[in-house]
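Letter by letter, the chains look like this.
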Amino acid sequence: MGEDHRDIETASQRLQTALGQIHPDLQKQGVFTPATWAALNRQLDLEGWTFWRPNAGILYPAVHELTERHLAAGKTIRPFEALEQKGHRCTQCGEREWLTPDRELLGLNRRDRQQQSPWGRLAEKRRAWAKGGEHLCALCTAKRLWPSLFTETVEQHLDMDIRRFVVSTHALALSTTLWKHRNETRRSPGQLSSVERLKQRLTLVEAEPTVLPRKLARELPHQSDDMKYIARHLPSALEMLKDDAAIQGVDAEALERDISSVFQPRETYYALIQMDGDRMGAWFAGNEEAYTLRYQDTWHTQIQAQMDRVARKNRALHDYMETRRPPSPGRHGALSSALNHFSLHLARYVVEECVKGKLIYAGGDDVLALVAVDDLFDAMQLLRLAYSGLAPDPAMGLDAHVGPLLEGSRAHQDKLLLKDGFGLLHGRLMRLMGHRATASMGAVVAHHQAPLARVLRELREAEAGAKAAGRDRFCLRVLKRGGGAEQLTAPWWPLGEHRTPRMDKATLTLMGRLRDELAYTDFSRGAIYRAQLWFEGLTDHPQDKHDPRWRAQMAGALAQQFTRQAGSPELAREIVEFVCDTIDPEHPRTAIGQFLAVSEFFARPERSRHEKEALA
């Protein structure tokens, strides 16, 4: 396409025709909005020199819109037919029939399948490939076997001993306990003998070494040989006992007693995090006013002042300055760069260096990660800050992992520095999304024996719940072993002028304060249960949160319960005010109860941090 005006006019007409075939309104949207097209489709001269000359680049938004529409249509049409599935389904996904050399076996019951199919024999020989009772489809089989096949291929090419790198849910749960007991210099002689006895009993199990979170693995060289062996083999040993309680030569009850003598209490919960950027389609499309800037807003303030004086005498310039800047290759390149920096560098640093976790997936604005329960609050806040490039407030207690990016900051430093949409890590200065870009997150805390398929389903529902509640929020669910559940959906923090985050008032920071006060002071956790029982006598209507009398009654009652249990009455009043003003729930009494219950769960002894770490 040429650069002269006639070529642009012809190309624009063809694009409008193509967009009109999808929907007539598209001919007058985006760059073809009458006011925008009138401002961009003409040359603008100022005092004898050319300020603006249209070229083919002004049609980029229309080409992008047309491409997006065709891709969306291709996904919707789905020009293929589903394969017919017969017999019993895969025990992993429940969607496809399981692999078998004889299709007559597909209709057999579970016991007969186990006896007659190759899966029963495989479960006896290769437990890493199939557990007892499992029958997998082709896709799930490929996923299960791929790590082993990959490592075997690498071993052949490199002539080295290569092991699979898999962090199990049980290892994540135990990492909290192992981290708390990493300082064995304080152990008494009796405790040291318990460690030796546990190590000896674990050698009888002959369990394979377990991959631990990187942060915990870095501490192992500082431990004794016995503790190194226990940390590496205890998670897999417990997995073996769970699958087959009768292991030859191993007394399961004696092993459990030895474990309890060394690690008491023992953590059995882990956390999953799923984060997704908000309105990414609108950010890339640039067809909504909230996600675009006027041309004059992209200029330096000194240039704006000069151009304002000229625009008073030039109507065409005034119209151009007021026009919303349409998307361009530069805009998309900047967005892609910011998302790549976050997913390739910062997400892994946060999950595996700052906290005890394992990054499962990070691509663009999406993150899926396993995290130890005691690090969950920090992991959630760090990921959210890193996504937007926001400097943390000192009240958040994240100084050990992240700090503000200030003028004169050293290029090489030990922690991540963030500020105003930029990050500095290991000498790399990175553009990030900025405070106007938000993200929603789902987080689920579950018992390590809970079915992973159910936990993932709850995780997806939690993330969807955070977005449905208004975006820029998190939804935290606690799935208890006994079947109960607690949930809190809340914004990350209140917003100030120009929608600037008030990070000194972050939700997870306030929850952390309540957690630490319950865990490390004389404040009894019983106050939470008594307060929830007392709440039943109060109304729970949407208008209650705006009623000063209701709020005073709720705050006074909660403060009284806190005071009776050696807690802080000021913290009780702050919680009530925060929930009513910042979370702004539909049912305020229920939301206050959820805030208290979820915070109390993280204050229990098995997952509370060392007192010096928490109160530092």
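A brief look at the structure comes next. (Residues numbered from 1 in each chain as written. Predicted model: local features only at pLDDT ≥ 70, side-chain atom pairs only at ≥ 80, totals over all residues. Heavy atoms only, no water.)

**Remarks on the pattern of salt bridges**
(1) Moving on: Enumeration over the complete set of coordinates arrives at 38 salt bridges.
(2) Moving on: For the salt bridge of D375 with K356, the shortest nitrogen-to-oxygen distance reads 2.9 Å. Pair noted here: D375 is in the loop between β5 (366-372) and α16 (376-388) and K356 is in the loop between α15 (329-354) and β4 (357-363), with a separation of 19 residues, a long-range link.
(3) Moving on: Looking at D375, the relative accessible area reads 5%, which means it is buried.
(4) Moving on: A relative accessible area of 1% places K356 in the buried class. (Salt bridge = Lys/Arg side-chain N within 4 Å of Asp/Glu carboxyl O. Helix = DSSP H or I, 4+ residues; strand = E, 2+ residues; numbered from the N terminus. Buried < 20%, exposed > 50% of the residue type's maximum accessible area, 1.4 Å probe, protein only.)

**What about helix α21 (residues 569-583)?**
(1) Moving on: Here α21 contains 15 residues, and its C-alpha end-to-end distance of 20 Å stays within 8% of the 21 Å for a straight helix at 1.5 Å per residue.
(2) Moving on: L571, A572, I575, V576, F578, V579, C580, T582 and I583 are the residues of α21 that are buried.
(3) Moving on: Buried residues belonging to α21 abut β12 (485-491), α18 (507-520), α20 (548-564) and α22 (588-601).
(4) Moving on: Two residues or fewer past α21, D584 is found with a positive phi of approximately 50°. (Expected span 1.5 Å × (residues − 1). Contact = heavy atoms within 4.5 Å.)

**Here we look at the packing of α18 against α21**
(1) Moving on: Packing of α18 against α21 brings their axes to within 11 Å, and their N-to-C directions diverge by 150°. For the element pair α18 / α21, the angle class is roughly antiparallel. For the element pair α18 and α21, the recorded crossing hand is left-handed. Here T507, L510, R513, L514 and E517 of α18 come into contact with α21, specifically with L571, E574, I575 and F578.
(2) Moving on: A class-by-class count of the residues in the contact of α18 with α21 yields five nonpolar, one polar and three charged. (Axes fitted to C-alpha atoms, helices over the stretch in contact; angles between N-to-C directions. Parallel < 35°, antiparallel > 145°, perpendicular 65-115°, else oblique. Left-handed = near helix turned anticlockwise from the far one by under 90°. Nonpolar A, V, L, I, M, F, W, Y, C, P; charged D, E, K, R; others polar.)

**What about the nonpolar core?**
(1) Moving on: Core analysis: the biggest nonpolar cluster contains 90 residues, and F342, L383, V445, L476, F562, L596 and F602 have the highest contact counts within it.
(2) Moving on: Among the elements that take part in this core, α15 stands out by supplying 10 residues, more than any other.
(3) Moving on: For F562, the contacting residues outside a window of four places in its chain are L514, F523, A527, I528, G567, S568, A572, I575 and L596.
(4) Moving on: In this structure, L19, W52, M307 and L317 belong to the second largest nonpolar core, which totals 23 residues. (Core = buried A, V, L, I, M, F, W, Y, C linked by side-chain atoms within 4.5 Å.)

**Describing the pairing of β5**
(1) Moving on: The buried fraction of β5 amounts to six of the seven residues, a majority that puts the element mostly inside the structure.
(2) Moving on: The pairing of strand β3 (residues 269-277) with β5 spans six bridges and is antiparallel. Paired with I273 across the strands is A369, a residue of β5.
(3) Moving on: Direction of pairing for β4 relative to β5: antiparallel, over a ladder of six bridges. Across the sheet, A362 pairs through a bridge with V367, a residue of β5.
(4) Moving on: Hairpin remark: β4 followed by β5, antiparallel, with two residues in the connecting loop; positive phi at G364, about 65°. (Pairing = 2+ DSSP bridges.)

The analysis is restricted to geometry; functional conclusions fall outside its scope.
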